[in-house]
Amino acid sequence: MKFGIMVSAGPYTHQASDTAYYFTEAALKNGHEIVRVFFYHDGVNNGTSLGVPPQDDRNITTRWSALAEKYDLDMVLCVAAAQRRGLLDENEAKRAGKDVSNMAAGFNISGLGQLIDAGIQADRLLVFGD
Amino acid sequence: MTILHIINKSPFEKNSLDTCLRLAKRGSAILLIEDGIYAAQKNTAVGNKLAAAAATHSLYALAPDLDARGIGKDKIIDGISLVDYDGFVQLTTETSGVQSWL
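Calculation notes
- Each chain carries its own residue numbering, running from 1 in the direction its sequence is written.
- As a convention, the first chain written is A and the first ligand written is 1, with the rest following in written order.
- Totals for whole chains, interfaces and linings use all residues, but because this is a predicted model, local features are given only for residues with pLDDT of at least 70 and pairs of side-chain atoms are given and counted only at 80 or more.
- Comment: elements are numbered from the N terminus, with helices defined as DSSP H or I runs of at least four residues and strands as E runs of at least two.
- It is over C-alpha atoms that the radius of gyration is taken, and the globule rule equals 2.2 Å times the number of residues to the power 0.38.
- The contact criterion used is a C-beta to C-beta distance within 7 Å, with each C-beta placed from the backbone.
- Three exposure classes are used, all based on how many other C-beta atoms lie within 10 Å of a residue's own C-beta (placed from the backbone): buried at 20 or more, exposed at 12 or fewer, and partly exposed between those limits.
- The criterion for strand pairing is that DSSP finds at least two bridges linking the strands in question.
- The angle between two axes is taken between their N-to-C directions and runs from 0 to 180 degrees, where each axis is a line fitted to C-alpha atoms and a helix contributes only its stretch in contact.

Looking at the overall build of chain B
Helix and strand counts for chain B stand at four helices and five strands. Ordered by position from N to C terminus, the α and β elements of chain B give β-α-β-α-β-α-β-α-β. What you see for chain B is a C-alpha radius of gyration of 12 Å, in line with the 13 Å of a compact globule of 102 residues. When the backbone C-alpha atoms are referred to their principal axes, chain B occupies close to 35 × 30 × 25 Å. When contacts within chain B are restricted to residue pairs at least 6 apart in sequence, long-range pairs at least 24 apart make up 70% of them.

Quick word on unusual backbone geometry
Residue and element names in this part refer to chain A. Here the phi dihedral of Tyr12 falls at roughly 60°; this positive angle occurs in a residue that is not glycine. Tracing the chain through its elements places Tyr12 in the loop between β1 (2-7) and α1 (16-29). In this structure Tyr12 comes out as partly exposed when scored by C-beta crowding, with 15 C-beta atoms within 10 Å. In this model, His41 sits at a positive phi of 50°, which is unusual for a non-glycine residue. Take His41: it is sitting in the loop between β2 (33-39) and α2 (60-71).

Description of the sheet that holds β2(A)
Strands pair in a sheet through their backbones, by hydrogen bonds, and they do so in one of two ways: parallel or antiparallel. Residue and element names in this part refer to chain A. Strand order across the open sheet formed by five strands is β4-β3-β2-β1-β5, with parallel pairing between neighbours. With partners counted over all chains shown, the strands left at the sheet margins are β4 (107-110) and β5 (124-128), one partner each. Within the sheet, the average angular offset between the axes of one strand and its neighbour, ignoring direction, is 25°. Where β1 meets β5, five bridges bridge the pair, whose relative direction is parallel. Across the sheet, Val7 pairs through a bridge with Phe128, a residue of β5. Strands β1, β2 and β5 of the sheet are contacted by α1, whose axis makes an angle of about 165° with β1.

Structural measurements only, silent on function.
Laid out in structure tokens, this is it:
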């Protein structure tokens, strides 16, 4: 079965990012397909490469990156939500005249159309958030 | 055709479970996750309401989230089935659609 995943809450906020991750991992392990993981609203903060959580805590961002690499996941941050919150890839950073980009490995910036597309392609669209 | 309703907030914090119980059709499935699992406890203000819903709906709770909050299986309302993340995935495939009540 094909799943679309939407994450609308930030990491380390409540539990939505963790649940989304564990659900995605379980779906992939059970042979299902993840069409896309779409990060919206505060969920875009899952994609920052500048987070430095304590070493005895989980690193939510690198955990997503590793899952994306293992399963060739399509992980997309909503561009408007990302720009507001200072989540920039190299192109966006250059365009906005910023001296740093902070897109973690495996994350890409794109538009809201990618969420709609995931909803159309997937058999189920699951929303994790607050 | 049944829907899987997902509740992730405590009934003592938000009214999403109430709204869900009011609107969910007979025979549909309700899964409690994250802080939503507090609704699964016996002897609370919402416990009786959920226990009554067990007669008309299939009720589930995500076991890892119960464990994370130190809520033992003996504290859970009868009629609630526990699932792990694999079971969560399976529930979404067995139902015809999902609704997250955020």
